Amino acid sequence: HSIQLAIKNAIKGDPEVELVQAVLLTNKRPQPSISNVLRNSTRFRSAFEEEQQDDVFEVLTHLGWAPQRQTSRARPYARSGLKIKALFRAIAREIDENGQYAAACVYNLERFAAYNRLVISAMLADLTAEHQRLTHIAGDAASADVCEVAKHLFEFEQRVNVLFHQGLIMSADVQNTY
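Residues numbered from 1 in each chain as written. Predicted model: local features only at pLDDT ≥ 70, side-chain atom pairs only at ≥ 80, totals over all residues. Heavy atoms only, no water.

A. The arrangement of the environment of Gln52 in detail. Examined against the element boundaries, Gln52 turns out to sit in the loop between helix 4 (42-51) and helix 5 (74-82). Taking the C-alpha atoms as reference points, Gln52 and Lys85, separated by 33 residues in sequence, lie 8.7 Å from one another. Only 3.1 Å separates the side chain of Gln52 from the backbone oxygen of Phe48, close enough to count as a polar contact. (Helix = DSSP H or I, 4+ residues; strand = E, 2+ residues; numbered from the N terminus. Polar contact = N/O pair within 3.5 Å; in protein donor to acceptor, adjacent residues only side chain to side chain.)

This is how it looks when you write it as structure tokens:
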């Protein structure tokens, strides 16, 4: 359980990270998050589905955000990263057509579209995916093997170190980036 709660607490404190989370997932006020608009608006969800029709991947109807599950952050970050073009087109369409959630879309777009916030979202996708992997591997709480848990925690730390400290995610030299 502590491994599951670790991700929730680990990404608190930085105002930019909290803003990205609020805009993409958790905001309810002053405007609902992109994920909440997608969940609550049939019109916006239909526009999002239509914008994905030319994609090779499956058409998504939601980002998969479930606040009651602490490990559920991996899915919406990954999905929004894969479908960012369709998501932004659906947001623009909602604004152009002055839909019910047009004000929320303007609010979220103004806050989320900055390049550094898109990069933060991508980094959170990587981090939460690694955390979800760790949670599933080390998740047998009833009969946890201390050595296995320690091994998986070490592997998690190594992978996060490579992604964020040794990787070139923010580098201008994009030839050797992930």
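B. Molecular detail of the pattern of salt bridges. Taken as a whole and judged by the stated rule, the model has 7 salt bridges. Ionic pairing is found between Arg89 and Glu51, a salt bridge with its closest N-O pair at 2.7 Å. On the criterion of sequence distance, the pair formed by Arg89 in helix 6 (residues 84-96) and Glu51 in helix 4 is long-range, its members being 38 residues apart. Under the relative-accessibility criterion, Glu51 is labelled buried at 19%. In this structure, the salt-bridge partner of Arg111 is Glu110, at a minimum N-O distance of 3.5 Å. Here the residues in one salt-bridge network are Arg43, Glu50, Glu51, Arg89, Arg93, Glu94 and Glu97, joined through shared partners. (Salt bridge = Lys/Arg side-chain N within 4 Å of Asp/Glu carboxyl O. Buried < 20%, exposed > 50% of the residue type's maximum accessible area, 1.4 Å probe, protein only.)

C. Just helix 6, in detail. Its 13 residues place the ends of helix 6 18 Å apart at the C-alpha level, agreeing with the 18 Å of an ideal helix rising 1.5 Å per residue. Burial in helix 6 covers these residues: Ala86, Leu87, Ala90, Ile91 and Glu94. An end-on view of helix 6 places all buried positions within 140° of arc, on one side of the element. For helix 6, the exposed residues set more than 90 degrees away from the buried face come down to Lys85 and Asp96. Looking one or two residues past helix 6, Asn98 carries a phi angle of roughly 50°, positive in sign. (Expected span 1.5 Å × (residues − 1). Arc of directions from axis to C-beta.)

D. Broad picture of the nonpolar core. Core analysis: the largest hydrophobic core is formed by 23 residues, its most contacted members being Ile34 and Phe44. Secondary structure elements with two or more residues in this core: helix 2 (15-26), helix 3 (34-40), helix 4, helix 6, helix 7 (102-112) and helix 8 (115-137). The dominant element in this core, judged by the number of residues it contributes, is helix 2, at 5 residues. In this structure Ile34 touches Val23, Leu24, Leu87, Ile91, Asn108 and Phe112, once residues within four positions along its chain are discounted. (Core = buried A, V, L, I, M, F, W, Y, C linked by side-chain atoms within 4.5 Å. Contact = heavy atoms within 4.5 Å.)

E. Spotlight on the packing of helix 2 against helix 7. Two elements in contact, helix 2 and helix 7, have axes separated by 10 Å at closest approach and are oriented at 150°. Viewed along their axes, helix 2 and helix 7 adopt a mutual orientation that is roughly antiparallel. Note that helix 2 runs across helix 7; the crossing there is left-handed. Side by side, helix 2 and helix 7 meet where Leu19, Val20, Val23 and Leu24 of the first sit next to Asn108, Arg111 and Phe112 of the second. For the contact of helix 2 with helix 7, the class distribution of residues is 5 nonpolar, 1 polar and 1 charged. (Axes fitted to C-alpha atoms, helices over the stretch in contact; angles between N-to-C directions. Parallel < 35°, antiparallel > 145°, perpendicular 65-115°, else oblique. Left-handed = near helix turned anticlockwise from the far one by under 90°. Nonpolar A, V, L, I, M, F, W, Y, C, P; charged D, E, K, R; others polar.)

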